[in-house]
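As a plain string of letters, each chain reads:
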Amino acid sequence: NIPKTQRAAIVEKEGSGVTVKNNHPVKSQDQLAPGECLVKLECSGACHTDLHAATGDWPLKASLPLIGGHEGVGVVVAIGKDTVRSPVKLGDRVGIKWLADSCLNCEHCRKGREQNCPEAKLSGFTVDGTFQEYVVSYVNHVTPIPDGFPSDAAASILCAGVTVYRAIKYSETQIGDWMVIPGAGGGLGHLAVQYARVRGLRVIAIDAGEAKRDLCLQLGAEKFVDFKESKDIVGEIKKATGGEGAHAAVVTSAASGGYTQAIDYLRPGGVLMAVGLPGEATLNASIFFTVFKSIKILGSYVGNRQDSMEAIDIAARGNVTVHFETKPLSALKDVYDGMAAGNIAGRIVLDYSK
Ligand code: 8ID
Ligand code: ZN
């Protein structure tokens, strides 16, 4: 009983906005290649990356027309004929992340950097994503969702959660260290605050406005710096950390502003994890102080299958909770407007039963 058509939110051209169509075709079982599966989605989170893709403000361009979305959860309803050794079966509840598929055999895949595979397929960027009711995905890369973990609560772990989980995992921090999180009130950031706490870190959140301040402090940040109001972000962070500066920063802001002071507020030996993806900006770091303070600058790009399962497991056990509001698929345009204006504390999850 798979329907022939479905609702899907489509971007025809970069910057043309998003339109919901009611009669978008659904692939049938016969049209699935070996290794592909069809997932009937219950919901999908909306990530700032989807907005970058729809606007076209990145140096890499999405395939058009584009169905965005890469934080989906649903049930496997078909698997391509002749699929061998599928880790999932019909009826399994799974998540769709940004990395839809990779070859699993190249050096990057073998070393656990599946996201850098030259054959990587990206949900909602190079292949149709989760802003539709039925998505074609890949049996090897869908993420199993544990029983009892509600789909809407799990959705945003698949990008926002996995991404910050991995960035924190590789941040070279120890229990009790200070971590600064610019963008802490957003989708990635509010989960970074929580994964950092799970790791025993002390968090300083940077973002703007009362709603994000309240959220960050409630989630366990010890200090909130409002980047629109503070006259001296570096001074405030140094003061909070006993004059030394922070051990690490995970920058999750969608604009380059979040990066500018990081070298100055990190203590010697500090690590800057670059996560937020402003399209055209360059990292304007002082070479002198990067060297003099032995600073490390590392890029961190989503996560592999293992990171995804670890991030989901931590959340499913209640240690990290997505702060989200649900809306219908038709609200996607308003969600993008709210995101561009910086008005969304946490995440919006689109609920396809609405
Ligand atoms: O794999 C990756 N590295 C990855 C994965 C997923 C998303 C990277 N991203 C990128 C997105 O493409 C986007 O550029 O991370 C960025 C953040 O995504 P998001 O969390 O989904 O966006 P959001 O919910 O809009 O949150 C961004 C926050 O940044 C704040 C905003 O107020 C908002 O709360 N912010 C901005 I814009 N400028 C800031 C500044 N100068 C700032 N916070 C502190 N200082
Ligand atoms: Zn994302």
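Every value quoted in this text rests on a predicted model; they were computed, and no experiment measured them. Every chain is numbered independently, its residues counted from 1 as its sequence is written. For naming, the first written chain is A and the first written ligand is 1, with later ones following in the order written. The predicted origin of the model limits local features to residues at a pLDDT of at least 70 and limits the giving and counting of side-chain atom pairs to 80 or more, whereas totals for whole chains, interfaces and linings rest on all residues.

1. Considerations on the UniProt feature "domain: Enoyl reductase (ER)" (unreviewed entry) in the protein chain
- Per the UniProt record, the feature "domain: Enoyl reductase (ER)" (unreviewed entry) sits at residues 17–350.
- In DSSP terms, a helix is any run of H or I states spanning at least four residues, a strand is any run of E spanning at least two, and both are numbered starting from the N terminus. Measuring from the first to the last C-alpha atom of residues 17–350 gives 17 Å, for a span that is 26% helix and 25% strand. UniProt positions are given in the numbering used here, feature names are shortened, and annotations may be inferred rather than shown by experiment.

2. Here's the deal with the pairing of strand S11 (residues 202–207)
- Most of S11 sits out of view: six of its six residues are buried.
- Neither face of S11 is left uncovered, since the one carrying Arg202, Ile204 and Ile206 and the one carrying Val203, Ala205 and Asp207 both have all their residues buried.
- With five bridges joining them, strand S10 (residues 178–182) and S11 adopt parallel strand pairing. Bridge pairing links tryptophan 178 to arginine 202 in S11.
- Look down the strands so they point away from you; if the path from the first strand over the helix to the second goes clockwise, the crossover is right-handed. Each parallel crossover has a hand, and the one from S10 via helix H5 (residues 187–198) to S11 is right-handed.
- Sheet analysis places S11 next to strand S12 (residues 223–226), joined by four bridges and oriented parallel. In the strand pairing of S12, aspartate 207 is matched with aspartate 226.
- After leaving S11, the chain enters helix H6 (residues 210–218) and then returns to the sheet as S12, a path that is right-handed. Exposed residues have 12 or fewer other C-beta atoms within 10 Å of their own C-beta, buried residues have 20 or more, and partly exposed residues fall in between, where C-beta atoms are placed from the backbone. In this description, strands pair whenever DSSP reports at least two bridges between them.

3. Quick notes on the packing of helix H1 (residues 48–55) against helix H11 (residues 332–340)
- Fitted lines through C-alpha atoms serve as axes, helices being fitted only where they are in contact, and the angles separating the N-to-C directions of these axes extend from 0 to 180 degrees. Where H1 contacts H11, the axes come no closer than 10 Å and their chain directions differ by 100 degrees. When the axis of H1 is compared with that of H11, the two are roughly perpendicular. Of the residues in H11, those in contact with His48, Leu51 and Ala54 of H1 are Tyr336, Met339 and Ala340.
- Of the residues belonging to the contact of H1 with H11, the class tally is five nonpolar, one polar and no charged. Each angle is binned into one of four classes, with values under 35 degrees roughly parallel, values over 145 roughly antiparallel, values of 65 to 115 roughly perpendicular, and all other values oblique. Residue pairs qualify as contacts under a 7 Å threshold applied to their C-beta atoms, which are placed from the backbone. Throughout, the ten residues Ala, Val, Leu, Ile, Met, Phe, Trp, Tyr, Cys and Pro are labelled nonpolar, Asp, Glu, Lys and Arg are labelled charged, and all others, Gly among them, are labelled polar.

4. Some words on the site of ligand 1
- Surrounding ligand 1, one finds 34 residues, the nearest of these being His48, Gly183, Gly186, Ser253 and Gly257.
- Residues belonging to the shell around ligand 1 are distributed by class as follows: 16 nonpolar, 16 polar and two charged. What makes a residue near a molecule or strand is its C-beta atom, placed from the backbone, lying within 6 Å of it.

5. Overview of the sheet that holds S12
- Overall, parallel pairing links the six strands, which are arranged S12-S11-S10-S13-S14-S15 in an open sheet. In the strand order of this sheet, the two ends are held by S12 and strand S15 (296–299), each with one partner. Looking at each pair of strands side by side, their axes are set apart by 20 degrees on average, direction ignored.

6. Things to note about the nonpolar core
- Core analysis: the largest hydrophobic core is formed by 107 residues, its most contacted members being Val164, Met179, Ile181, Ala192, Ala249 and Val250.
- Segmentation into domains, and thus their bounds, comes from an automatic or database assignment. Lining this core are residues from two domains, each supplying at least three of them: domain 1 (5–159 + 303–351) and domain 2 (161–299). Take the buried Ala, Val, Leu, Ile, Met, Phe, Trp, Tyr and Cys residues, join any whose C-beta atoms are within 7 Å, and the set you get is a nonpolar core.

7. Side note on the confidence of the model for the protein chain
- Residues with a pLDDT of 70 or more make up 100% of the protein chain, whose mean pLDDT is 97.
- Each residue carries a pLDDT value, the predictor's own confidence for that position, ranging from 0 to 100. Confidence scores differ between elements of the protein chain, with helix H8 (residues 262–265) showing the lowest mean pLDDT of 94 and H5 the highest of 99.
- Interface scoring of the predicted complex returns ipTM 0.99; its pTM is 0.98.

8. Some words on the packing of helix H4 (residues 160–169) against H5
- Running from amino to carboxyl end, H4 crosses H5 at an angle of 45 degrees, the nearest separation of the two axes being 8 Å. Between H4 and H5, the interaxial angle falls into the category oblique. Handedness of the crossing formed by H4 with H5: right-handed. Every residue of H5 that contacts H4 at Ala160, Gly161, Thr163, Val164, Tyr165 and Ile168 is listed here: Gly187, Leu188, Leu191, Ala192, Tyr195 and Ala196.
- Residue classes in the contact of H4 with H5 are distributed as nine nonpolar, three polar and no charged. The crossing is said to be left-handed when, going from far helix to near helix, the turn is anticlockwise and less than a right angle, and right-handed when the turn is clockwise.

9. Structural notes on the environment of aspartate 30
- Mapped onto the elements of the fold, aspartate 30 is located in the loop between strand S2 (18–25) and strand S3 (36–45).
- Using a count of 8 C-beta atoms within 10 Å as the deciding quantity, one classes aspartate 30 as exposed.

10. With respect to H6
- Among the residues of H6, Lys212, Leu215 and Cys216 are the ones counted as buried. The arc that holds the buried residues of H6, viewed along the axis, is 95 degrees, so those residues lie on one side. Structural note: H6 exposes Glu210 and Gln218 on the side pointing more than 90 degrees away from its buried face.
- The inward-facing, buried residues of H6 contact H5, S11 and S12.
- With its phi angle positive at about 115 degrees, glycine 220 sits one or two positions after the end of H6. Directions from the helix axis toward the C-beta atoms define the arc.

11. Description of the environment of tyrosine 138
- For tyrosine 138, the position within the fold is in strand S8 (residues 134–138).
- Along the primary structure tyrosine 138 and cysteine 37 are separated by 101 residues, whereas in three dimensions their C-alpha atoms are 5.6 Å apart.
- Those residues in contact with tyrosine 138 that lie beyond four places of it in its chain are Gly35, Glu36, Ala100 and Asp101.

12. Here we look at the domain arrangement of the protein chain
- Taken domain by domain, the protein chain holds domain 1 (5–159 + 303–351) and domain 2 (161–299).
- Distance from the C-alpha centre of domain 1 to the C-alpha centre of domain 2: 27 Å.
- Each partner contributes to the interface: domain 1 provides 27 residues, whereas domain 2 provides 19 residues.
- Where the side of domain 1 that touches domain 2 is concerned, the elements lending two or more residues are H1 and helix H10 (305–316).
- Among the elements that make up the side of domain 1 that touches domain 2, the one with the highest residue count is H10 (six residues).
- Of the residues in the side of domain 1 that touches domain 2, the class split is 12 nonpolar, 10 polar and five charged.

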